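Spelled out from the first residue to the last, the chains are:
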Amino acid sequence: MGKRGSRSQSQLLNTLTKKQKKHLRDFGEEHPFYDRVSRKEAKPQICQLSESSDSSDSESDSESEPQQVSGYHRLLATLKNVSEEEEEDEEEEEEEDSIVDDAEMNDEDGGSDVSVEEEMAAESTESPENVALSADPEGKEDGEEPPGTSQTSPEEFTDAKHESLFSLETNFLEEESGDNSSLKASQDPFLQHVNKELKEKAIQAVATNPKTTHELKKPLESTWTKTNSQFLSGPQKSSSPFTPLQKELFLIMNSYRDLFYPERTALKNGEEIRHVYCLHVINHILKANAQVLGNNSRRRSQKFGVGDDDDFRDQGLTRPKVLIVVPFREAALRVVQLFISLLEGDSKKKIIVSNKKRFQGEYGSDPEERPPNLKRPEDYEAVFVGNIDDHFRIGVAILQRSIRLYAPFYSSDILIASPLGLRTIIGGEGEKKRDFDFLSSIELLIIDQADIYLMQNWEHVLHLMNHMNLLPLDSHGVDFSRVRMWSLNNWSKYYRQTLLFGALQDAQINSVFNKYCVNMQGQVAVRNVPMTGSISHVLVQLPHVFQRMEAENLASVIDARFNFFVNKILPQYRDAVMSHTLIYIPSYFDFVRLRNYFKKEELNFTHICEYTQKSGVSRARHFFLQGEKQFLLFTERFHFYKRYTIKGIRNLIFYELPTYPHFYSEICNMLRATNRGEEATWTCTVLYSKYDAQRLAAVVGVERAAQMLQSNKNVHLFITGEK
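The rules behind these values
In this convention, every chain numbers its residues from 1, walking through the sequence in written order. The predicted origin of the model limits local features to residues at a pLDDT of at least 70 and limits the giving and counting of side-chain atom pairs to 80 or more, whereas totals for whole chains, interfaces and linings rest on all residues. Only heavy atoms go into the side-chain values, all of them from the structure, while hydrogens and water stay out. Comment: elements are numbered from the N terminus, with helices defined as DSSP H or I runs of at least four residues and strands as E runs of at least two. Only protein chains enter the area calculation, which uses a 1.4 Å probe; residues under 20% of their type maximum are buried, those over 50% are exposed, and those in between are partly exposed. This count recognises Lys and Arg as positive and Asp and Glu as negative, with His and chain-terminal groups excluded. We define a salt bridge as a contact between a side-chain nitrogen of Lys or Arg and a carboxyl oxygen of Asp or Glu at a distance within 4 Å. Any two residues whose heavy atoms approach within 4.5 Å are treated as being in contact. Distance and chemistry together define a polar contact, namely a pair of N or O atoms within 3.5 Å, with one atom able to donate a hydrogen and the other to accept it when in protein, and with adjacent residues in sequence counting only for side-chain atoms on both sides. Here a strand pair is declared whenever DSSP counts at least two bridges between the two strands. Only C-alpha atoms enter the line fits that serve as axes; for helices the fit covers just the stretch in contact. Angles between N-to-C directions range over 0 to 180 degrees. Among the buried residues, those of types Ala, Val, Leu, Ile, Met, Phe, Trp, Tyr and Cys that are joined through side-chain atoms within 4.5 Å form a nonpolar core. Orientation categories follow fixed angle ranges, with anything under 35 degrees roughly parallel, anything over 145 roughly antiparallel, 65 to 115 roughly perpendicular, and all other angles oblique. Note on convention: near helix rotated counterclockwise from far helix by under a right angle means a left-handed crossing. Clockwise means right-handed. Gly is put with the polar residues, along with every residue not named as nonpolar or charged; the nonpolar set is Ala, Val, Leu, Ile, Met, Phe, Trp, Tyr, Cys and Pro, and the charged set is Asp, Glu, Lys and Arg. Patch building starts from residues that exceed 30% relative accessible area and form no salt bridge, then joins like charges within 9 Å and nonpolar side chains (Val, Leu, Ile, Met, Phe, Trp, Tyr) within 5 Å. Each accessible area is a Shrake-Rupley result for a 1.4 Å probe, and residues are judged covered by the shown protein chains and nothing else. Multiplying 1.5 Å by the helix residue count minus one yields the expected span of that helix. Working definition: a ring pair exists when centres of Phe, Tyr or Trp rings (six-membered ring for Trp) sit within 6.5 Å. Plane angles under 30 degrees give stacked, over 60 give edge-to-face, the rest tilted. In this analysis the charged atom, NZ for Lys or CZ for Arg, is taken to sit over a ring once it is within 6 Å of the ring centre and within 35 degrees of the ring normal. Viewed with both strands pointing away, a crossover whose connecting path from the first strand over the helix to the second turns clockwise is right-handed.

*Asks:* I keep staring at the side chain of aspartate 590 and nothing clicks. Help me out?
*Replies:* With respect to the helices, strands and loops of the structure, aspartate 590 is situated in helix H23 (residues 588–600). Buried charge aspartate 590 goes without a salt bridge, the closest partner of opposite sign being arginine 561 at 4.9 Å. Excluding its chain neighbours within four sequence positions, the residues that come into contact with aspartate 590 are Ile558, Ile585, Tyr655 and Glu656.

*Asks:* When you look at the environment of glutamate 666 in this model, what are you seeing that I'm missing?
*Replies:* Among the structural elements, glutamate 666 can be located in helix H26 (residues 661–669). When the C-alpha atoms of glutamate 666 and arginine 643 are compared, they prove to be 9.2 Å apart, with 23 residues separating the residues in sequence. Filtering out sequence-adjacent residues up to four positions away, glutamate 666 remains in contact with Pro377, Asp379, His639 and Arg643. Looking at glutamate 666, its side chain comes within polar contact range of the side chain of histidine 639, at 2.9 Å.

*Asks:* Help me understand the sheet that holds strand E3 (residues 352–354), please; the structure alone is not making it clear to me.
*Replies:* Strands pair in a sheet through their backbones, by hydrogen bonds, and they do so in one of two ways: parallel or antiparallel. The nine strands lie next to each other as E3-E5-E4-E6-E2-E7-E8-E1-E9, forming an open sheet whose pairing is mixed. For this open sheet the edge positions go to E3 and strand E9 (523–525), each flanked by a neighbour on one side alone. Averaged over neighbouring strand pairs, the angle between their axes works out to 10° when direction is ignored. Sheet topology places strand E2 (residues 322–325) next to strand E7 (residues 444–447); four bridges connect them, and they run parallel. If you follow isoleucine 324 over to E7, its bridge partner there is isoleucine 446.

*Asks:* Which parts of the structure should I look at to understand the nonpolar core?
*Replies:* Counting residues in hydrophobic clusters, the biggest one holds 77 residues, and the most contacted among them are Leu323, Phe546, Leu582 and Tyr664. Residue contacts for leucine 582: discarding those within four places in its chain leaves Phe624, Leu632, Phe634, Ile646, Ile649, Asn651, Leu652, Ile653 and Ile667. Core analysis: the next-biggest nonpolar cluster, separate from the first, contains 50 residues, Leu279, Ile282, Leu342 and Val524 among them.

*Asks:* Looking at this model, I keep getting lost on the packing of helix H27 (residues 693–700) against helix H28 (residues 702–710). Mind explaining?
*Replies:* Relative orientation and spacing of two packed helices are given, respectively, by the angle between their axes and the distance between those axes. Axis separation between H27 and H28 bottoms out at 7 Å; the angle between their running directions is 130°. Between H27 and H28, the angle falls in the class oblique. Regarding H27 and H28, the two cross each other, and that crossing is right-handed. In this structure, H27 uses Ala693, Leu696, Ala697 and Val700 to contact H28, whose residues at the interface are Val702, Arg704, Ala705, Met708 and Leu709. For the contact of H27 with H28, the class distribution of residues is eight nonpolar, no polar and one charged.

*Asks:* Can you help me understand a nonpolar patch on the surface in this one?
*Replies:* Together, Phe480, Met485 and Leu488 make up a nonpolar patch on the protein surface, roughly 240 Å² of accessible area in all. By the secondary structure assignment, phenylalanine 480 is in the loop between helix H18 (458–466) and helix H19 (485–488). Relative accessible area serves as the criterion here: at 44%, phenylalanine 480 is assigned to the partly exposed category.

*Asks:* Looking at this model, I keep getting lost on helix H13 (residues 329–344). Mind explaining?
*Replies:* Quick reminder: α-helices carry 3.6 residues per turn. Residues three or four places apart thus point the same way. Helix length check: H13 (16 residues) gives 23 Å between terminal C-alpha atoms against 22 Å at 1.5 Å per residue, within 8%. The buried fraction of H13 is high, at 13 of 16 residues. Looking one or two residues beyond H13, the residue adopting positive phi is glycine 345, at roughly 60°.

*Asks:* Looking at this model, I keep getting lost on the packing of aromatic side chains. Mind explaining?
*Replies:* The description of two aromatic rings rests on the distance between their centres and on the angle between their planes. Overall, the coordinates contain 30 aromatic pairs when judged by the stated rule. Considering the side-chain rings of phenylalanine 634 and phenylalanine 638, the 5.6 Å spacing of their centres and the 80° angle between planes classify their relative orientation as edge-to-face. An aromatic cluster is present here, built from Phe546, Tyr584, Phe634, Phe638, Tyr644, Phe654, Tyr664 and Tyr688 joined pairwise through their rings. Taking NZ or CZ as reference, arginine 299 lies 5.6 Å from the ring centre of phenylalanine 312, over its face.

*Asks:* When you look at the pattern of salt bridges in this model, what are you seeing that I'm missing?
*Replies:* Pairing of side chains with opposite charge becomes possible as their charged atoms draw close. Scanning the entire structure with this criterion turns up 23 salt bridges. Here aspartate 314 makes a salt bridge to arginine 482, at a shortest N to O gap of 2.8 Å. Taken together, the positions of aspartate 314 in the loop between helix H12 (270–301) and E2 and arginine 482 in the loop between H18 and H19 put the pair 168 residues apart, joining distant regions of the chain. Classification of aspartate 314 as buried rests on a relative accessible area of 2%. Under the relative-accessibility criterion, arginine 482 is labelled buried at 5%. For the salt bridge of arginine 574 with glutamate 601, the shortest nitrogen-to-oxygen distance reads 3.9 Å. One end of the pair, arginine 574, is in the loop between helix H22 (557–573) and strand E11 (581–585); the other, glutamate 601, is in the loop between H23 and strand E12 (605–608), with 27 residues separating them in the sequence. Judged by its relative accessible area of 38%, arginine 574 is partly exposed.

*Asks:* Which parts of the structure should I look at to understand the pairing of E12?
*Replies:* Looking down a regular strand, the side chains alternate between one sheet face and the other. As judged from the four bridges shared by E12 and strand E13 (residues 631–635), these two strands associate in the parallel manner. The residue of E13 that forms the bridge with threonine 606 is leucine 632. After leaving E12, the chain enters helix H24 (residues 614–626) and then returns to the sheet as E13, a path that is right-handed.

*Asks:* When you look at the pairing of E13 in this model, what are you seeing that I'm missing?
*Replies:* Most of E13 is tucked away, with five of its five residues classed as buried. Pairing between E11 and E13: five bridges, direction parallel. By the bridge assignment, leucine 582 is partnered in E13 with leucine 632.

Below, the structure is given as structure tokens:
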């Protein structure tokens, strides 16, 4: 009987590939992808092997209960006799099999990632762990939809198969990357930051002059040079792996200070900045996880009762450490691709990325979907590239040389999401299904392209900031003996680093940075003074009249602007001679208020906003061009998302200065679209107050803006442009 059983085991072993044998030896069971069983779901039987299992004989197998030992575990005994030379051959073959390009990984016969892909495909019908709640970003008109960016899916996928493989509690630091013991708190900015203990008196104080050292996790020293090579040229490649901008930014990031950089543009330095903050994220996560895994090894090697528990405090109340907020799926795709590139580098052995094929399908885009004849400004093409869905969220877990996409939030190291995607899971007061505990221990918050959120819904950003670093409502299985004391004291917000990148100076963005960023290490904000202003890019001969309105305080500006427009400006344009008047309105709420007023006064007008259907837009443009409608109410968000050229404009009214300064010159230059010899009758009127100082300086230049704000008189400017 024993010989027959051993013969059948030997035959079954011969049918396995070398990769299957290695998986069987490492994990005690055959990979689920190769499991030859029925389609009914069954929990795998896992045998707990001792540390000396490699040298154990068949007696250790016989001591376990028969019903707990599967055939795969009995096969393990036969695998112990494999010679070391054969093991080396297996490792070399596995290394060769893992060297595949992206096209091969997407193929059915690709590398190790394919087995994970197809395994996940079988689970695509399972119910998601995080249920997305519907949310209306702003009030919409009946039958109208917001600009087509959101694609709400009925279910949300999370990877539940690889929980144990990416668990920080059950894994230990490998010897090849075990450099945690060599990191000294006096040299490493990460350890300086997380190990610094604040006293209650120091909470309101801000630390000054922290060390700005320049230290990377060892695996990143080689991979960063290759990943960042596209931005380096000539002698710069050999002298420094950073561009001058990246070097300045990384020195600030590595000192763990808060940073507000309002000069990030998609057309110029957007990718350059994305590379450097992704480097900082991976550097932070690898060091944090190395500290946890190193302490796991130390605790396992120590006897019970030996050592101080405070020596092992290396975690927060929940696992997510980094939150990256980006506006579109395309940006999330590029961030994940950078993570993979930074972990792979020049290594011949590819890292394991679970669910990569699914991720590329959901976050990638088809180039053929974009109309070939669509002509838009360069900055528009740079912003709206790829998949521009703005409702998404995904968890990413990183453990040594493996990345797990679609990880559950509470098993993730990094969360990548849009403001709308976070808003639907955070929920609001009174909602039953809401969750924000995963934000309790965020150590690094990155808000990229913050200016775009002004065009989406800024309330979502404020809602997120109000729920950052709050004490969780549930323990979520945390080991409190491993939680840092400053997390238990609810001081996480003083240790959180916030990196804020945008394309412009705006009062709402400044307010978030000043109100919600209370990092103990301090803040760095970049302020560049606009000397010329966007008015210098106006190409038509046009008189610009800047009408100053007075307001008692900031809260009364909205009403003061409306009353000033209705009583002072609008009467000048009621005459039929002042036809073809476009009124540019940055705020949607101001647009609704003016639209209702125009309807009440029965004025001859039409309107275009971000919720107007395509047919309605075509009718409004036609009526305005033909002069059938005297006024056209035009919202800034529509211009941001569509960039249509409106023909037939003779008179311009900027109800408020544009959020983006270059929109001012773009709207003014639209007058050239229908040049019928009417240049002498063109007009441009701009409303502003002292609270519009930043926007005014961006349009007319800082020196001229200062003069205009000091004077109480209206300003008339005549720009001589090129016809």
